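# Structural features, examined
This is what each chain is made of:
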Amino acid sequence: TKRVGGAGTNASEMAADGGSSSLQLPCVFSPKSRQFLALCAQDGRLRIWNTDSKTLHQEYVPSAHLSATCTCIAWGPCRTVKEGPQRKKRKSEAVQVEEKADLLAMGTAAGTVLIYSTAKGALHCTLDGAHSGGVNCVQWHPEESLLYSGSDDTNIVEWDLQTGKTRSKWKADHAAVTSLCVSPDGKLLLSAGHIIKMWDLDTKEVYRKFTGHSTAVTTLRFATTRPPDSNGLYFLSGAAHDRLLSVWQVREDGKDKNSVVSFTLTDEPQHIDLVTSNSKEEAVRLAVVCKDGQLHLFEHFLNGPCKKPLSPSCTVQMSDTKESPIPIPLLAAVLGADTRTVMLAYGSHLQPVMEKVEINTAERHVCLTRDVQTTLSLSMETTVSKVKTPIVNAKSKVLVPGLPGHKAPLKGTSQGSEKRKKDTDTKEMSIAERLGEIDLSTVSEKGASKGTASLTTDNFAVLLVQGLESNDASILNKVFQTRKEMVIKKTVARLPLSAVLPLVEEVTYTFVLSYRAALMVRWLKAVLMHHTSYLASLPDLVTQLGVLYHMIESRVKMFHKLTKLDGKLYLLMTQVSANICSVVHSIISFNLTSQELSLSHKERMSLSSPHFCSYTPGSCEAVKTQAEKFECCF
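Let me begin by describing the structure that accompanies this report. If you're wondering where the values come from, they're calculated on a predicted model, not measured in any experiment.

Cut-offs used in this document
Residues numbered from 1 in each chain as written. Predicted model: local features only at pLDDT ≥ 70, side-chain atom pairs only at ≥ 80, totals over all residues. Heavy atoms only, no water. Core = buried A, V, L, I, M, F, W, Y, C linked by side-chain atoms within 4.5 Å. Buried < 20%, exposed > 50% of the residue type's maximum accessible area, 1.4 Å probe, protein only. Contact = heavy atoms within 4.5 Å. Phe/Tyr/Trp six-rings, centres within 6.5 Å; stacked < 30°, edge-to-face > 60°. Helix = DSSP H or I, 4+ residues; strand = E, 2+ residues; numbered from the N terminus. Expected span 1.5 Å × (residues − 1). Pairing = 2+ DSSP bridges. Axes fitted to C-alpha atoms, helices over the stretch in contact; angles between N-to-C directions. Patch = residues over 30% accessible without salt bridge, like charges linked within 9 Å, V, L, I, M, F, W, Y side chains within 5 Å. Areas by Shrake-Rupley, 256 points an atom, 1.4 Å probe, with all protein chains shown as cover. Salt bridge = Lys/Arg side-chain N within 4 Å of Asp/Glu carboxyl O.

## Observations concerning the nonpolar core
Counting residues in hydrophobic clusters, the biggest one holds 28 residues, and the most contacted among them are Leu464, Phe480, Val492, Leu503, Trp523 and Val527. With sequence-adjacent residues up to four places away left out, Leu464 is seen in contact with Leu476, Val479, Phe480, Thr491, Leu495, Leu503 and Trp523. With 18 residues, the next largest nonpolar core counts Leu330, Leu335, Val342 and Leu344 among its residues.

Take a look at the structure:
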């Protein structure tokens, strides 16, 4: 279960109810102006989108983005940034001063916290050495240069960003800390696992405890800005697999054991934004994006308990414009200055769509239809990107490695004795003729004799590309049946880049067939050896290889159980075989004894002579003869 919401988002897997849920990726808007949208996609990269220009503003790849993935994101308070030339200014010149969102904290599964600066477009600092487990949540202090982080190691750490070191560290609970929230005045801190605790930040002591969630708490937000000694301080909480948002009142007399208000949802909350209430006469406005991709809007006056759960005043869904509409998931939403304006982020984490819309809150259900492009085309501002894009016109011709047009095989340098023999009388064969000449059981790596079609890696590469482009099962089956490692490696090495991804998809599809899995592993290994750099450059690689990865994971998980079963069957069969042998020996011994008793005295004397070869267990011929007599299987 993960938290994705408001000022901080959590995407780390937490065991709730003994099970794990699907991965929820961090996604959060910048405070105040909502100019930026920060999110981490499946590839582990941090992308910051400009909500005004709808373009990719910055992209940051952590050095350990594969092993130490980003689990949570939180924007810091807006800072004063001076703009303009750096020269010395005259007294008459006015200095433009503007508060902008700059620092961004990212918690990782390795236990470190990365501070990224959008103003510099680079990593500001790294906070490490305090957590022994993955960081589940990060939260900024609203005024001071302090940051709080909660981890699987059950500790809360207070970081001093001026020094980059730990200022304080204390044990929060016996379970992992899954959510944090600092009060608007900066004096109180909410922490949660299964139990919600309110801490006094001056003394680091527990001020109050709240129980009521049966699963891990993933969302904590203060709903009011009133002091706690006035019975007017409220906060809300959401938990994993829980379709209710609970509102708690911090009472002066301490009688605040149960929640006072509940908001009903269609699924567990992923992203929450609210406008806090400053007085009893001011309502709390709440926008909740659920796991099912729907947005729920609430508006309520917090003034004591309410027995019945409150339904949303308006529910927003999105779908495409096709004849059979497909839902478009909402990723995040923030409330505008007025009650009708909402900033939405929807679509894919790799290329989200940001839009400011006006919603008629008088209607209970609103469905917005949008035409979302499914193709991925990341655009980055030229002020940030250092990559120069060449100008291409209609007459330009793109050359890629491989077999251009598949007209002729590539001519490489000869290696050792592997020389291709030329035959001037041989005409170029068609695809069907080449398929007919393929005899995979008699392929020779040194080439074919004169007068026969030479089956080389060039032919295989051409046939494989042709089969992938035409989706011809007969061609692909012929090529995939080869078992020679050298032929497979050279064939994959000669493939054009445009055919690499279709080959991986075909291998994934064929991998399902158990009798072909052993052959497909060789092709997959060759692809990863020769084309790893190209695959790593694909922005949607995780989506493309997701099915293959999960398939391999399931097979690896079953390997240990199958090994155990194989061992048990081996012991069982060995014991059965030993029992059969002992029974056969007993029957043979009984037969020999019976024959001796039926013999005459003279025959017994002849049996006792030293020339008689008595039966021994090692006498294989005697055992076989007796076994045949008794019709036993030996």
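## A word on the packing of aromatic side chains
According to the stated counting rule, one finds nine aromatic pairs in the structure shown. By the ring-pair criterion, three or more aromatic residues cluster together here, those being Phe210, Phe222, Phe235 and Trp248.

## Let's talk about helix H6 (residues 517–530)
Residue pairs three or four apart in sequence face the same way in an α-helix, which turns once every 3.6 residues. With 14 residues, H6 should cover 20 Å at 1.5 Å per step; its first-to-last C-alpha distance of 20 Å lies within 8% of that length. Those residues of H6 that sit buried are Ala517, Leu519, Met520, Trp523, Leu524, Ala526 and Val527.

## Focus: the sheet that holds strand S22 (residues 233–239)
With respect to topology, four strands assemble into an open sheet ordered S21-S22-S23-S24, the strand pairing being antiparallel. The two strands at the open ends of the sheet, each matched to only one other strand, are strand S21 (217–222) and strand S24 (261–264). Sheet twist, expressed as the mean angle between neighbouring strand axes with direction ignored, is 20°. Inspection of the sheet shows S22 paired to strand S23 (residues 244–250) by five bridges, in the antiparallel sense. Opposite Leu236, over in S23, you have Val247 as the bridge partner.

## Some details on a nonpolar patch on the surface
A surface patch of nonpolar side chains, amounting to about 620 Å² of accessible area, comprises Met558, Leu562, Leu565, Leu569, Leu572, Val576 and Ile580. Following the sequence through the fold, Leu569 ends up in helix H8 (residues 541–598).

## A few points about the pattern of salt bridges
Scanning the entire structure with this criterion turns up eight salt bridges. For Glu158, the salt bridge goes to Lys204, with nearest N and O atoms at 3.7 Å. With Glu158 in strand S15 (residues 155–160) and Lys204 in the loop between strand S19 (196–200) and strand S20 (205–210), the pair connects residues that are 46 residues apart, well separated along the chain. Residue classification places Glu158 among the buried residues on the basis of a relative accessible area of 4%. Across the pair Arg370 and Glu355 runs a salt bridge whose closest N-O atoms are separated by 2.9 Å. With Arg370 in the loop between strand S32 (365–369) and helix H1 (431–437) and Glu355 in strand S31 (residues 352–358), this residue pair connects regions lying 15 residues apart in the sequence. A single network of salt bridges, built from pairs that share partners, joins Arg45, Arg47 and Glu59.

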